[in-house]
Amino acid sequence: MIFVLGATGKVGRALVPALLDAGAGVRALTRDPAKARIDPRAEVVRGDLDTADLPALLDGSDRVFVLTQGHSADREAAVARAAARAGVTHLVKLSTTGVHFGQTDPITRAHAEAEEAIRTAGPKWTILRPGAFMDNRFAWVGSVLEENAVYVPEGDPASALVHVRDIAEVATLALTTSAHEGATYELTGGEALTTEEQVAVLSDAIGRPVKYVEEPESAARERMMRRYGWPAESVDGFFALKRESAAHEHVVFDTVERVLGRPARTFVAWARENASAYHHQE
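Everything numeric in this text was worked out from a predicted model, so none of it was measured. (Residues numbered from 1 in each chain as written. Predicted model: local features only at pLDDT ≥ 70, side-chain atom pairs only at ≥ 80, totals over all residues. Heavy atoms only, no water.)

Draft legend 1. Quick look at the overall build of the protein. Counting secondary structure elements, the protein contains 13 helices and 9 strands. Radius of gyration (C-alpha) of the protein: 19 Å, near the 19 Å computed for a compact globule of 282 residues. Counting only C-alpha atoms, the protein reaches 55 × 40 × 35 Å along its principal axes. Expressed as a percentage of contacts within the protein between residues at least 6 apart in sequence, the contacts between residues at least 24 apart total 76%. Just so you have it, the protein exposes about 12900 Å², and 50% of that area is on carbon and sulfur atoms. Positive and negative charge centroids in the protein, built from 31 and 40 side chains respectively, lie 3 Å apart. (Helix = DSSP H or I, 4+ residues; strand = E, 2+ residues; numbered from the N terminus. Rg over C-alpha atoms; globule rule 2.2 N^0.38 Å. Contact = heavy atoms within 4.5 Å. Areas by Shrake-Rupley, 256 points an atom, 1.4 Å probe, with all protein chains shown as cover. Lys, Arg positive; Asp, Glu negative; His and termini not counted. Charge placed at Lys NZ, Arg CZ, Asp CG, Glu CD.)

Draft legend 2. Just the environment of Asp 204, in detail. When you line up the elements, Asp 204 lands in helix α9 (residues 195-206). Looking at Asp 204, the relative accessible area reads 60%, which means it is exposed. A C-alpha to C-alpha distance of 9.0 Å links Asp 204 and Val 268, two positions 64 residues apart in sequence. (Buried < 20%, exposed > 50% of the residue type's maximum accessible area, 1.4 Å probe, protein only.)

Draft legend 3. Representation of the layout of surface pockets. Quantified by volume, the second largest pocket comes out at close to 220 Å³. Contributing to the lining of the second largest pocket are Lys 10, Arg 13, Ala 14, Asp 135, Phe 138, His 163, Val 164, Arg 165, Trp 270, Glu 273 and Asn 274. For the lining of the second largest pocket, the secondary-structure elements that each account for two or more residues are α1 (10-21), α8 (164-176) and α13 (267-273). Examining the composition of the lining of the second largest pocket, we find that 3 residues originate from one element, α1, more than from any other. (1 Å grid on protein atoms, 1.4 Å probe; cavity = no way out; pocket = protein on both sides within 12 Å on 5 of 7 lines; lining within 4 Å. Points joined across faces, edges and corners; volume = space filled by probe spheres on them.)

Draft legend 4. Representation of the packing of helix α10 (residues 217-227) against helix α11 (residues 232-245). One way to put it is that α10 packs onto α11 with a least axis distance of 10 Å and a crossing angle of 135 degrees. Viewed along their axes, α10 and α11 adopt a mutual orientation that is oblique. Here α10 and α11 pass one another in a crossing that is right-handed. In this structure, α10 uses Glu 217, Ala 220, Arg 221, Met 224 and Met 225 to contact α11, whose residues at the interface are Ala 232, Val 235, Asp 236, Phe 238, Phe 239 and Arg 243. Considered class by class, the residues forming the contact of α10 with α11 number 7 nonpolar, no polar and 4 charged. (Axes fitted to C-alpha atoms, helices over the stretch in contact; angles between N-to-C directions. Parallel < 35°, antiparallel > 145°, perpendicular 65-115°, else oblique. Left-handed = near helix turned anticlockwise from the far one by under 90°. Nonpolar A, V, L, I, M, F, W, Y, C, P; charged D, E, K, R; others polar.)

Draft legend 5. Structural view of the sheet that holds strand β8 (residues 184-187). Across the sheet, which stays open at both edges, the 7 strands sit in the order β3-β2-β1-β4-β5-β6-β8 with parallel pairing between neighbours. Across the chains shown, the open sheet's two edge strands, defined by having one partner strand only, are β3 (43-46) and β8. Within this sheet the neighbouring strands show an average axis-to-axis angle of 20 degrees, counted without direction. When strand β4 (residues 63-66) meets strand β5 (residues 90-94), the two strands line up parallel, connected through 4 bridges. Residue pairing in the sheet places Val 64 in a bridge with Leu 91 of β5. The strands touched by helix α6 (residues 106-120) within the sheet are β4, β5, β6 (124-130) and β8, with β6 carrying the most contacts at an inclination of about 160 degrees. In this fold α8 packs onto β1 (2-4), β4, β5, β6 and β8, with an angle of close to 150 degrees to the strand it touches most, β4. (Pairing = 2+ DSSP bridges.)

The structure is reproduced here in structure tokens:
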């Protein structure tokens with residue numbers, strides 16, 4: 001039995017069916033099972049990591065995929081301790097490439113602390129450190145639908161975006177075999193594209209031109225708070241992360257190809273898969 005935290009998140013949505021297809025039993029944690037839309041083959045349990053009796057939820061689980069919300073290591077440290085007490089044999093944590101590069105922004109520091117908690121909890125462990133997700137480009141849907149335009153902060157760096165299904169497939173191997181115990185994997189796509197190149201790829205996929213617009217950080221901050229409802233603290237954390245990752249966001253790791261035995265999925269493929277999201281629905 002594999003216990004999946006973050007089952008409704010970007011990676012979790014791909015991971016749960018991948019694990020089930022691999023023949024694993026899956027227990028997925030969510031605050032609201034009625035709204036979660038989790039693969040019906042999984043066992044869905046209601047819980048909140050802030051209040052739940054973690055040992056009871058983890059009872060009977062052999063392995064745990066560790067991903068929590070927020071920018072604090074406390075929750076993941078608590079999960080690691082509870083998993084050890086429940087007899088879990090293997091923890092697989094979703095982290096970030098920023099830890100590899102020694103970033104000191106709050107988000108990366110929290111992941112580094114959580115990694116240490118996972119490594120020292122007792123069970124075997126695997127650490128996955130993906131870079132920026134292709135799915136982050138869903139944030140462009142609103143402006144593309146309204147204005148046929150994408151707005152990005154000035155100086156936005158080239159990025160080796162990674163497909164969440166590639167992350168999920170690596171996680172599936174780590175959770176269903178013993179071959180990846182003690183491994184730390186940096187995960188990116190196979191090429192780095194500038195934001196302008198990404199917009200061109202998206203334009204081609206959706207079949208109409210999309211304007212690429214760079215804007216000052218102050219305008220980008222205001223847009224995030226207005227359109228996405230982000231609090232100022234989250235916006236500050238985002239820009240701190242971006243400033244520290246700018247120098248190496250273009251770095252390509254070959255881990256996906258080495259582990260999965262095939263090239264990483266491309267942004268061209270992602271854009272074609274998701275082109276319908278950028279069209280007005282009838």
